[in-house]
Amino acid sequence: MPKGDNRYIPVSALFPTAAKGTLDKYGLRAEAFCLRSGNNPALQYAFKLRFDSVQNAGLLLRQLQQDPRIELVERVPLYRASACPSDGFSLKNRLKETPDDPFHGIVDSIHASWHLDMMGFDELYGKYTGNPDIKVAVVDNAVWSGHEDLDILPENLYNTCTNAQGEANPPSHIDREMVYGGGFAGMNPAYNWSHGTHCAGLIAAVNNNGKGIASLASGVSLMGIRTAESEPGIFDNTMEGIAWAADHGAKVISLSYGSEYNSSIEREFFQSCINQGIVFFASAGNKSRDKEQYPACYPGVIAVGSVNSDGHRSDFSNYGDWVDVWMPGGYYIDHDTVVKDQQLLSTTWCVSQWLYDKPSFSDRYYDMMAGTSMATPLAASASALLLSYYPELNGYQIKEILQRATQDSCVYVPEAFRLLENDGLRQVRDLQAGRDEAAGQVEVIWKAPEQEGVTAYRLYHGETYIGQTEAGTTRFGFSAPDTTGFVGVRAIYGQDSSLLCCVPIRKGAPEVSNQEQPESASSLRFWINQTERSLHLPEGNWHRLEIFDVKGRLVLEKRYEADAVSLQGLPSGLYLCRIWNDPDSSTFKFILP
């Protein structure tokens, strides 16, 4: 077994009894890749073999399938990029405060940021920013970290082809300066190699640097992983890239590729990563049909489809009830006319192809692309911004929030923040889940929400519904072959319900307390009276509070006078409130509409 961070092992160590030279005839590479993930025992001895030549791969596959020492042998899907082949909405009123990025807004008659308008960028800008503690990985063909509008640290770059940390660039011999023109961009190798760099910019291009474009999650930490060896549209080493991102702290992983084929080992691999709290987004594909795509359809992965600026499905996007969320990924629509050269503008490794004749864009490393490949990093960007303020969320919760925040067929991110801020009193409290490994049994306990009117509770193991209890019952047990992952409980209020509350399943029985503890600052509940613009806290349970804006400035300080604190005079936005209830203190966030 490979030790420490190393995942590679000589193929000869897997087949020690094979005669010298026997393995060479199959075209096997010298090293195999270990797929271990978390504490999943099924993956500790799972290995991916790679071939320089597949001529005799089928023969080796049949021989391994007959070996009684090997439990499972299967082919790995060959993944292709989900960018649309390059062939030839009403904008919301902008706030006065806008980023100084020159390609934000309308430039040379190009609607360069229509996708951000659809997602509510103007309502978010100046109130929210990405947290560098949130790492977002772009596992793609390649990512050019030297772009002026990307800020990717060397330790967050990895090349699966060379097993080297510190760079993920496309091949250096490709001509990056050649212009083919928009209608022929798909024939330009440098344009195709720009796929991953384009996705990275859509997630977190640097805002307010006087360069290039703006992005929703600017400020998060980008990770760039190259997986394509020689062809820009074929991603050879995706599991290796995902494993490296998971090992190095990725919270969100964006996957703009897919295949109609799947693998049981890969399914197990994804589930193990999801059980560790990683949020995956994957493209639905560009064949305009209801055909499941992988990895988008693996359980727990969020499948992303594409819409145009008018909110209608892009003509290329796959569709079906297996598509979880829809994001901008297609074309700008001008009076019911599709404007093919106004797709999604982002960072590239090559000079502009679609916009080469526009003065502002000529010979610049920014260009248009369309596809579910572009919709996917936008979903990852929205998720990263939410996680910047709610880092405890997992993929199951993120998916539900994005679905509930969908307006006009597209996720409207300000609505996602409003859902999170306003649903706290409706969710169950003190949720715990513990497992008895010997019995294969999981016990779940929780406390009722502070808001009254609960009619039932529904429980989920991952995405699987496992049962329901009556309003007065706050305990549930179940058995399952797999007792890892997350358990979720949703409070039902008649025809309505709270957001899902989730916790990971821990080893051992959950801790039950029969005594109510004194209320401390950390357990105080609050609510905002939007009409009166006031903050309400339990009477007498605090003696001082401070309120800070998103820039860390103290904007209000109060000592206890009444349970309601007037917020008149504060502008709309996100605030941090610190309260004292000696000897304790605590903080919470709230949004003032």
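This section reports on the structure supplied with the text. These numbers were taken from a predicted model, which means no experiment stands behind them. (Residues numbered from 1 in each chain as written. Predicted model: local features only at pLDDT ≥ 70, side-chain atom pairs only at ≥ 80, totals over all residues. Heavy atoms only, no water.)

1. Looking at the packing of aromatic side chains
Item 1. Summed over the entire model, instances satisfying the criterion amount to 18 aromatic pairs.
Item 2. Relative to Tyr389, the ring of Tyr128 has its centre 5.3 Å away and its plane inclined at 90 degrees; by these criteria the two rings are edge-to-face. Of this pair, Tyr128 sits in the loop between α4 (121-124) and β7 (135-140) while Tyr389 sits in helix α9 (residues 372-389); the two residues are 261 residues apart in sequence, bridging distant segments of the chain.
Item 3. Take Tyr128: its relative accessible area is 11%, and that puts it in the buried class.
Item 4. With 5.5 Å between their ring centres and 75 degrees between their planes, Phe235 and Tyr257 make a pair best called edge-to-face. Here Phe235, found in strand β11 (residues 234-235), pairs with Tyr257, found in strand β13 (residues 257-258); they are 22 residues apart in sequence, far enough to count as distant.
Item 5. Assessed through its relative accessible area of 0%, Tyr257 is described here as buried.
Item 6. Every member of this aromatic cluster is reached through a ring pair, and the members are Phe269, Phe270, Phe280, Tyr294 and Tyr298.
Item 7. Cation over ring: Arg176 sits above Trp144, and NZ or CZ is 4.3 Å from the ring centre. (Phe/Tyr/Trp six-rings, centres within 6.5 Å; stacked < 30°, edge-to-face > 60°. Helix = DSSP H or I, 4+ residues; strand = E, 2+ residues; numbered from the N terminus. Buried < 20%, exposed > 50% of the residue type's maximum accessible area, 1.4 Å probe, protein only. Lys NZ or Arg CZ within 6 Å of the ring centre and 35° of its normal.)

2. A closer look at the nonpolar core
Item 1. Formed by 131 residues in total, the largest nonpolar core has its most connected members in Ile242, Ile253, Phe280, Phe281 and Phe417.
Item 2. Filtering out sequence-adjacent residues up to four positions away, Ile242 remains in contact with Val139, Ile253, Leu255, Tyr257, Phe269, Phe270, Cys273 and Phe280.
Item 3. Residues Val442, Val444, Phe478 and Val487 belong to the second largest nonpolar core, which totals 19 residues. (Core = buried A, V, L, I, M, F, W, Y, C linked by side-chain atoms within 4.5 Å. Contact = heavy atoms within 4.5 Å.)

3. Topic: the sheet that holds strand β16 (residues 325-328)
Item 1. Read across the open sheet, the eight strands follow the order β9-β8-β10-β7-β12-β14-β15-β16; overall the sheet is mixed. What marks the edges here is a single partner per strand, and that holds for β9 (164-165) and β16.
Item 2. Bridge count for β7 against strand β12 (residues 252-255) is three bridges, and the pairing is parallel. Opposite Val136, over in β12, you have Val252 as the bridge partner.
Item 3. Lying on the sheet, α9 is in contact with β7, β12, β14 (279-283), β15 (302-307) and β16; it crosses β14 at an angle near 160 degrees.
Item 4. Strands β14, β15 and β16 of the sheet are contacted by helix α10 (residues 395-404), whose axis makes an angle of about 55 degrees with β14. (Pairing = 2+ DSSP bridges. Axes fitted to C-alpha atoms, helices over the stretch in contact; angles between N-to-C directions.)

4. Some points on the pairing of strand β34 (residues 544-548)
Item 1. The buried fraction of β34 amounts to five of the five residues, a majority that puts the element mostly inside the structure.
Item 2. The side-chain alternation of β34 yields two buried faces, one formed by Arg544, Glu546 and Phe548 and the other by Leu545 and Ile547.
Item 3. Direction of pairing for β34 relative to strand β35 (residues 554-559): antiparallel, over a ladder of five bridges. What sits directly across from Phe548, in β35, is Leu554.

5. Description of unusual backbone geometry
A negative phi holds for most residues other than glycine; trans holds for most peptide bonds.
Item 1. With an omega dihedral of 15 degrees, the bond running from Tyr294 to Pro295 counts as a cis peptide bond.
Item 2. Of note in the backbone geometry, Asn163 takes a positive phi value of approximately 55 degrees without being a glycine.
Item 3. The topology assignment puts Asn163 in the loop between β8 (157-159) and β9.
Item 4. Judged by its relative accessible area of 41%, Asn163 is partly exposed.
Item 5. The backbone of Ser288 sits at a positive phi, close to 50 degrees, despite the residue not being glycine.
Item 6. Locating Ser288 in the fold gives a position in the loop between β14 and β15.

6. Some points on α9
Item 1. Here α9 is 18 residues long and its end C-alpha atoms lie 27 Å apart, about the 26 Å a rise of 1.5 Å per residue gives.
Item 2. Among the 18 residues of α9, 18 are classified as buried, and the element is accordingly described as predominantly covered. (Expected span 1.5 Å × (residues − 1).)

7. Topic: the pattern of salt bridges
Item 1. If you walk through the whole model with that rule in mind, you get 19 salt bridges.
Item 2. Taking the shortest distance from any N to any O, the salt bridge between Arg50 and Glu240 comes out at 3.8 Å.
Item 3. Exposure remark for Arg50: the relative accessible area of 13% places this residue in the buried category.
Item 4. The partner of Lys399 in a salt bridge is Glu463, and the shortest N-O contact between them spans 2.5 Å. In this pair, Lys399 is assigned in helix α10 and Glu463 in the loop between β25 (456-461) and β26 (464-470), connecting sequence segments 64 residues apart.
Item 5. Take Lys399: its relative accessible area is 16%, and that puts it in the buried class.
Item 6. One salt-bridge network, held together by shared partners, links Arg29, Lys48, Arg50, Glu229 and Glu240. (Salt bridge = Lys/Arg side-chain N within 4 Å of Asp/Glu carboxyl O.)

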